[in-house]
Amino acid sequence: MRETGAQTASPASTATPAASAGPASDRADLRPENINDAVIRLAGNSQDGIQTAGAFLARLAGRSDHDVMTYMTIPSTISGGPSIFQVRMGTGEVLSAGDEADFLVAFYQHSYQDHIDFLKEGGVLLYDSDNVEPNLDDKRFVYVGVPITGLTVEALGGTAKDKGKNIFVLGLVSKIFNLDAEKLKKLIMEKFAGKDESIVNTALMAFQAGYAYPVGNVLTKHYQFEKIEKPGGRAQITMDGNQALAYGLIAAGVRYGAGYPITPWSSIMETLRREFPKYGGIFVQAEDELGAVSLALGFSYSGYLAVTGSAGPGISLKAEAIGWASMAEIPLIICNIQRGGPSTGLPTNVEQSDLHQAIFGSHGDSPRVVLAAASVEDCFYIAIEAARIARKYSTPVFILSDTSLATRIEAFDEPDLARLMVDPKPDLTPREGGFKPYDLERITQHVPPGTIMRDGKYPLIGGLEHDEMGHPTGSPKLHMAMTAKRRNKLRKLAEEIPVPEVYGDQEGDTLLVGWGSTYGPIHDAVKMGREHGEKMGALHLRHVHPLPNGLEKIFAKYNRIVTVEMNDQGLYGFGQLATILRARYCEPKIQSVTKTDGLTFRVKEILQGVFPGEFVSARGYSPNRPVSGNGEQDVDLARAESITQGVG
């Protein structure tokens, strides 16, 4: 928790080590203390609705012009189990969800035991005293015990034994952080709009009970986020990455698509099924992945750029049809919301292990474009870029996201839709005589059926190799020429892709290179490293295949190039992006920091991987203190957190 002015470094600095109920007059002054940001972790079971409570906090932050980023874990079993929802909110730029919690809410004993070591020293543990017995001899934390279960039942009646605790805690947290209670109540009413009125009333009663709890009896301070006016004046919107991607597709003029449910892609499909009809389109839930991609190809063949998507296992099933799209040069958008693999793998955990699948996962030489979203906001804009490229180059375009982006919530400036919205009408302009649909001298532009051909010569489309009119051919020379044609249009694309800007030092010792959802932690790591004297920068790739021209000039300015990736180091010691960069540039100074624990990168993990023996935590730097002991603790903490997510 960052505080403003000359105030202390943590909310616990003026609180007693083990808060207990007592007369309000014995407590410290409860006037709110200004803070810049806070990391709040809710730990319980997936059945408790902690994701709902956390989402309310995130959406409130967005409506209050605060920056916010969330992080959640859910069990992969249908029966549910331990789960967390973490919210980092504040007035500065929030790039990562936080390495440590300032405020931990523990619903159960296992919540306390599994997550207490994630709480920063001096942080506040708010626990349900009906279910949790903490070790009060551990003086590192402030202990605030509240009988959450009993008070919820008292407020709502005996039938609410296991329901409403999440909203009670939401009210309690709102009081502690001086959040806008009226805005939260409005969010609650919006959330349950359309349901029975008793459900809305029950939720509001639970919230009010938590908000009215006399926290002055157990906590020495209230907190209040510093208010900073943002330039530009555009309203903020708050959503998760899957929502942003879906609405980005709509803005890009995509009106048709097909898919099959799979975690974590399914919510995109559900949004498109609901929204496409409002714009005159349709999204079809097919009987399987093969049917889904084939339906999408049919939509694109008709002249309306279409979308399909899945996670890694479903993309494997779509591979043959995507190869057909490469051969026929049909535009198509394919969303891969990555998860842990292979096979069913870790269906509710994050990984970036489908990069090679996206680039190379096909039979024959099947060129395709691969883009990767860097943030929730970028999920919106990457969809627009994917549609632009698919139409211009008449090619399949992959959008890579992942579980982290799919489920986390961020606030960002409302897009200028009047400027961005694309007219999705197909180009039925009559083609003049001599038109060749697969002209070797030009980039193919797919011709929708029904387009008038002035000379009466209509093109053929199929999966066989073909001549310039689309007629099947077995000519070795034509196959070589057409293969080069399909390859060279991606080279042409590479010429127009802007070279990413380098964050931090423009030359120096270390350049961190990332793609996808590692953007925030990488940039936070560079910021912290530079604050402690390291000459380092960061470069993030949105266009992963083809790569933009000119990266080698940037790489030449650094002694080390380190990719940071959530995939395995492979047989030869390099992550998937590092393998591609080493092959492309033949540069031995390209190295990797990788991991496959199903968790997002912490800033300290990146710093410890890049500078072994130097950075011992995300909040401190100690070049003379080895991390061997602390490193072992980090491994244990990561293992404990993994087990709570069902991946241990």
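All of these numbers come straight from a predicted model, not from anything done at the bench.

Draft legend 1. Summary view of the sheet that holds strand β13 (residues 306-310). Pairing is mixed across the open sheet formed by seven strands, whose spatial order is β12-β11-β13-β14-β16-β15-β21. Two strands lie at the open edges of the sheet, namely β12 (282-285) and β21 (543-545), each paired on one side alone. Adjacent strand axes in the sheet meet at a mean angle of 25° when their direction is disregarded. Bridge count for strand β14 (residues 332-338) against strand β16 (residues 396-402) is seven bridges, and the pairing is parallel. Opposite Ile333, over in β16, you have Val397 as the bridge partner.

Draft legend 2. Up close: the packing of aromatic side chains. Here the structure, examined in full by the defined rule, presents 12 aromatic pairs. Ring geometry for Phe107 against Tyr108: centres 6.5 Å apart, planes inclined by 40°, an arrangement best described as tilted. Assigned by exposure class, Phe107 and Tyr108 land together as buried. Aromatic side chains Phe380 and Tyr381 sit 5.0 Å apart centroid to centroid with 80° between the ring planes, which places their arrangement in the edge-to-face category. Connected via pairs of aromatic rings, a cluster forms that spans Phe103, Phe177, Tyr223 and Phe225. The ring of Phe118 is capped by Arg41, whose NZ or CZ atom sits 3.7 Å from the centre of that ring.

Draft legend 3. Fine view of the nonpolar core. Within the largest apolar cluster, 54 residues are counted, with the highest numbers of intra-cluster contacts made by Phe103 and Phe177. When residues of this core are assigned to their parent elements, the largest contribution, eight residues, is made by helix α1 (residues 50-63). Ranked by size, the runner-up nonpolar core spans 45 residues in total, among them Ala387, Leu420, Leu490 and Ile497.

Draft legend 4. Examining the confidence of the model for the chain more closely. Residues at a pLDDT of 70 or more form 88% of the chain, whose mean pLDDT is 88. Taken as a whole, residues 3-29 scores under 50 in pLDDT and shows 61 contacts with residues more than four places along the chain or in a different chain.

Draft legend 5. Molecular detail of the side chain of Asn336. Following the sequence through the fold, Asn336 ends up in strand β14. For Asn336, a relative accessible area of 0% translates into the label buried. Contacts of Asn336, omitting those with residues within four sequence positions, involve Ser310, Ala311, Gly312, Ile315, Asp354, Gln357, Ile399, Leu400 and Ser401.

Draft legend 6. Highlighting the pairing of strand β3 (residues 33-45). Counting buried positions over the 13 residues of β3 gives 11, a clear majority of the element. In terms of strand pairing, β3 meets strand β5 (residues 82-90) through nine bridges, oriented antiparallel. When the sheet's bridge partners are listed, Arg41 is paired in β5 with Gln86. Where β3 meets strand β6 (residues 101-106), four bridges bridge the pair, whose relative direction is parallel. Of the residues in β6, the one forming a bridge with Leu42 is Val105.

Draft legend 7. Spatial organisation of helix α10 (residues 312-328). Under the 1.5 Å per step criterion, the end-to-end length of α10 is 24 Å for 17 residues, consistent within 8% with the ideal 24 Å. For α10, the principal kink sits at Ala319 and spans about 50°. For α10, the buried fraction is high: 12 of the 17 residues fall into the buried class. Buried residues of α10: Gly312, Gly314, Ile315, Lys318, Ala319, Ala321, Ile322, Gly323, Ala325, Ser326, Met327 and Ala328, and no others.

Draft legend 8. How the structure looks around the sheet that holds strand β18 (residues 503-504). Across the sheet, which stays open at both edges, the five strands sit in the order β18-β20-β19-β22-β23 with mixed pairing between neighbours. Only two strands of the sheet have a single neighbouring strand rather than two, namely β18 and β23 (590-594). When strand β22 (residues 558-565) meets β23, the two strands line up parallel, connected through five bridges. In the sheet register, Thr563 faces β23, and the bridge partner there is Ser592. Against the sheet, helix α16 (residues 519-531) engages β18, β19 (508-515), β20 (536-541) and β22, with an angle of about 170° to β20.

Cut-offs and rules
Residues numbered from 1 in each chain as written. Predicted model: local features only at pLDDT ≥ 70, side-chain atom pairs only at ≥ 80, totals over all residues. Heavy atoms only, no water. Pairing = 2+ DSSP bridges. Helix = DSSP H or I, 4+ residues; strand = E, 2+ residues; numbered from the N terminus. Axes fitted to C-alpha atoms, helices over the stretch in contact; angles between N-to-C directions. Phe/Tyr/Trp six-rings, centres within 6.5 Å; stacked < 30°, edge-to-face > 60°. Buried < 20%, exposed > 50% of the residue type's maximum accessible area, 1.4 Å probe, protein only. Lys NZ or Arg CZ within 6 Å of the ring centre and 35° of its normal. Core = buried A, V, L, I, M, F, W, Y, C linked by side-chain atoms within 4.5 Å. pLDDT = per-residue confidence, 0-100. Contact = heavy atoms within 4.5 Å. Expected span 1.5 Å × (residues − 1). Bend = angle between axes of the 7 residues up to and from the residue.

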